[in-house]
Each structure stands twice: as C-alpha cells, then as structure tokens.
Amino acid sequence: MSTALRRTIFLVILLIAWEAGYRIFDWGWKFPSLFQTLDAFRLGLTDGQLVEATLRSLGRLLIGFCISLVVGTLLGFLFARFRFLDDTLGFVVVALQTVPSIAWLPFAIIWFGLTDTSVIFITALGATWTMAMSSRTGIMNIPPIYLKAAQTMGTGNGLRMFWQIMVPAAFPHLINGVRVAWAFAWRALVAGELIAKGVGLGQLLQQGRDIADTALMLCIVIIIAVLGTISDHLCFKKLEDKILLRYGLASSGK
C-alpha cells in the first residue's frame, strides 16, 4: 500500500470519526460538525472572504519571511566567523529566541501603529532568531578543508566565499532552519493579525470568535494547516532533495 493511499484512508476515517463524534457527543456550537465546516468554506469562498483574507495574510507572511531569511542567514554567518560577535550578540540572540514574538507586539503597535508594518515586523521577528541559529550551526560545521580548497582556487574570504562555498556546504542545516522558520513565521503572523486592523486570516479568526462562529474559526485553522503542509512538501522538501542530490549528499534513487 502506497503512502498516498494510506494517508487517504486515514483522512477518510478521521472525517467519519469527526462527524460521528459531533452527533454522538452533541458538541453543539462548541465545535462544528464536518458539514457545518464545509458549509462555512462554501460561504467564505462564495463571497470571497476567505480568498481575500488568505491572499492578504500570505502577502504579509512572505515579506516577513524573506526579511527573516536574509537577516537570519547573515547573522548566522557573522556568529560563525567572528568569535567576539558569537560570544556577545549571539548570546543575546539565544536569549531572544526563547521570547515569544507576540511579546513584542505591544512595542510594534507603539512604533508602527495597528498597521501591516506591525504584523510584518512580528512575523519577521518570529523567524529570524531560528534562522540565525540554524545558519550559524551549519556554517560552523563546514569541514575546514572545503574553505581551504576554495581559497586555494582563488575564492577569497568575501561574498564569493559565502555564496559559492558556505551556503551550499551548510545547506542541510539551512533548509531545516528555513522549514522551522516558516512554521514560526505563520504562528507570529496569525498572532499579530488577531490584534492588528485590516483583512487577514487572523482578523477573520477574531471575527469568528466575536460571533461564536466555530465553523469559520475551524476553517481558518484548516487553511493554515493545509498551506503550511503544501508549502513544506511542494517547496521546501523538493528544494532540499534537489540541492542534496546536486551536491552528492543524497542518492538519485531516494
């Protein structure tokens, strides 16, 4: 039995158990049934509410995520190459990594107001520290012989060394950091949108809570889960396999 078939069977069983649980235990408005949730999806797609909120949230997410990738990777490079920065600023980053990004939302609102900028700031912050630590670990684990060989061939120690040697060599750690950072960015995004003004999945989730529309709330949760799974399997996982194969870190028969 293939993996896809097993997953399909499990999903069908889960959906049947969901509807059966609703009818047997009489959850009422506290948790929606399968058909109530499907109807909420239909209404949200018909009036365009779900589509608009999803697109707006994805726009904020991608901006914040790209910022976190650039800043986090550069920070990791600096920590790996300069011991002083690793012992000082790196120590601070480790401490900041334990602080939930939502804790910075009051500051973001004071600095930027209830705007998209606040949400993007929180989103980027939620993913940057994880990306910095992953890139630092990846670069520090590069075999010294790679760097020496590159210098012998005239690569130098600047940006050329960074992009052509360090990033590919550290890629296994980097891609793990990217996947975790993507998940952290989603969490920070939704948390920020719960308070900020405008259109987005977080705002729609808050709206569902205000009117006790649990079907709408569950729709948002499902959309986030599906988008996260699709992006990980169709984007990050395929990119990881392609790069690992290119650099001889995985076999073509995998």
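Before any of the text, the structure's been laid out above.
Keep in mind that what you see is a predicted model, and the values were worked out from it rather than measured. (Residues numbered from 1 in each chain as written. Predicted model: local features only at pLDDT ≥ 70, side-chain atom pairs only at ≥ 80, totals over all residues. Heavy atoms only, no water.)

Caption draft 1: Fine view of the side chain of Arg-60. Among the structural elements, Arg-60 can be located in helix H3 (residues 49-81). Overall, Arg-60 belongs to the buried group, its relative accessible area being 3%. What Arg-60 contacts, discounting residues up to four positions off in sequence, is Asp-116, Val-119, Ile-120, Leu-189, Glu-193, Gly-198, Val-199, Gly-200 and Gln-203. (Helix = DSSP H or I, 4+ residues; strand = E, 2+ residues; numbered from the N terminus. Buried < 20%, exposed > 50% of the residue type's maximum accessible area, 1.4 Å probe, protein only. Contact = heavy atoms within 4.5 Å.)

Caption draft 2: View of the packing of aromatic side chains. Enumeration according to the criterion identifies 11 aromatic pairs in this entry. On the numbers, 4.9 Å between centres and 80° between planes, the contact of Phe-65 with Trp-182 is edge-to-face. Residue Phe-65 is located in helix H3, and its partner Trp-182 is located in helix H10 (residues 171-193); the two are separated by 117 residues in the primary sequence. Exposure remark for Phe-65: the relative accessible area of 5% places this residue in the buried category. Pairing Phe-112 with Phe-121 gives two aromatic rings, centres 5.5 Å apart and planes at 55°, and the pair type is tilted. The lysine or arginine in question, Arg-187, covers the ring of Phe-184, its NZ or CZ lying 5.1 Å from the ring centre. (Phe/Tyr/Trp six-rings, centres within 6.5 Å; stacked < 30°, edge-to-face > 60°. Lys NZ or Arg CZ within 6 Å of the ring centre and 35° of its normal.)

Caption draft 3: Inspection of unusual backbone geometry at higher detail. Phi at Asp-26 is positive, roughly 50°, even though this residue is not glycine. On the secondary structure map, Asp-26 appears in the loop between helix H1 (3-25) and helix H2 (34-46). For Asp-26, a relative accessible area of 63% gives the class exposed. A positive phi is found at Ala-212, a non-glycine position, where the angle reads about 55°.

Caption draft 4: Representation of the pattern of salt bridges within the structure. Under the counting rule described, the total for this entry stands at eight salt bridges. Residue Glu-193 pairs with Arg-60 through a salt bridge whose shortest N-O separation is 2.5 Å. Of the two residues, Glu-193 is situated in helix H10 and Arg-60 in helix H3; the sequence distance between them amounts to 133 residues. Exposure class is identical for Glu-193 and Arg-60. Each is buried. (Salt bridge = Lys/Arg side-chain N within 4 Å of Asp/Glu carboxyl O.)

Caption draft 5: Structural context of the environment of Gln-49. Looking at where Gln-49 falls in the secondary structure, it is placed in helix H3. Expressed as a C-alpha distance, the spacing of Gln-49 and Ile-16, which sit 33 residues apart in the sequence, is 28 Å. Among residues more than four places away in sequence, those in contact with Gln-49 are Gly-44, Leu-204 and Gln-207.

Caption draft 6: Geometry of the environment of Ser-231. Turning to its location among the elements, Ser-231 is positioned in helix H12 (residues 214-246). A relative accessible area of 14% places Ser-231 in the buried class. Along the chain, Ser-231 and Arg-179 lie 52 residues apart, while their C-alpha atoms are 9.4 Å from each other. Look past the residues within four positions of Ser-231 in its chain and what remains in contact with it is Trp-182 and Phe-236.

Caption draft 7: Just the packing of H3 against helix H11 (residues 201-210), in detail. At a closest axis distance of 8 Å, the pairing of H3 and H11 adopts a crossing angle of 135°. As the angle between them shows, H3 and H11 are arranged oblique. Contact residues: H3 offers Gln-49, Leu-50, Ala-53, Thr-54, Ser-57 and Arg-60, while H11 offers Leu-201, Gln-203, Leu-204 and Gln-207. (Axes fitted to C-alpha atoms, helices over the stretch in contact; angles between N-to-C directions. Parallel < 35°, antiparallel > 145°, perpendicular 65-115°, else oblique.)

Caption draft 8: Structural detail: the nonpolar core. Among the nonpolar cores identified, the biggest contains 41 residues, and Leu-50, Phe-65, Ile-139, Met-166, Trp-186, Leu-201 and Ile-220 are the most heavily contacted of them. The contact partners of Met-166, leaving out residues within four places of it in the chain, are Phe-77, Arg-81, Ile-139, Ile-142, Leu-147 and Met-161. By size, the runner-up hydrophobic cluster in this structure holds seven residues, among which are Phe-79, Val-93, Ala-132 and Met-133. (Core = buried A, V, L, I, M, F, W, Y, C linked by side-chain atoms within 4.5 Å.)

Caption draft 9: Fine view of the side chain of Ser-68. Tracing the sequence through the fold places Ser-68 in helix H3. When its relative accessible area of 0% is taken as the criterion, Ser-68 is described as buried. Within polar-contact distance, the side chain of Ser-68 engages the backbone oxygen of Phe-65 at 2.6 Å. Those residues in contact with Ser-68, other than ones at most four positions away along the chain, are Thr-73, Ala-124, Ala-127, Thr-128 and Met-131. (Polar contact = N/O pair within 3.5 Å; in protein donor to acceptor, adjacent residues only side chain to side chain.)

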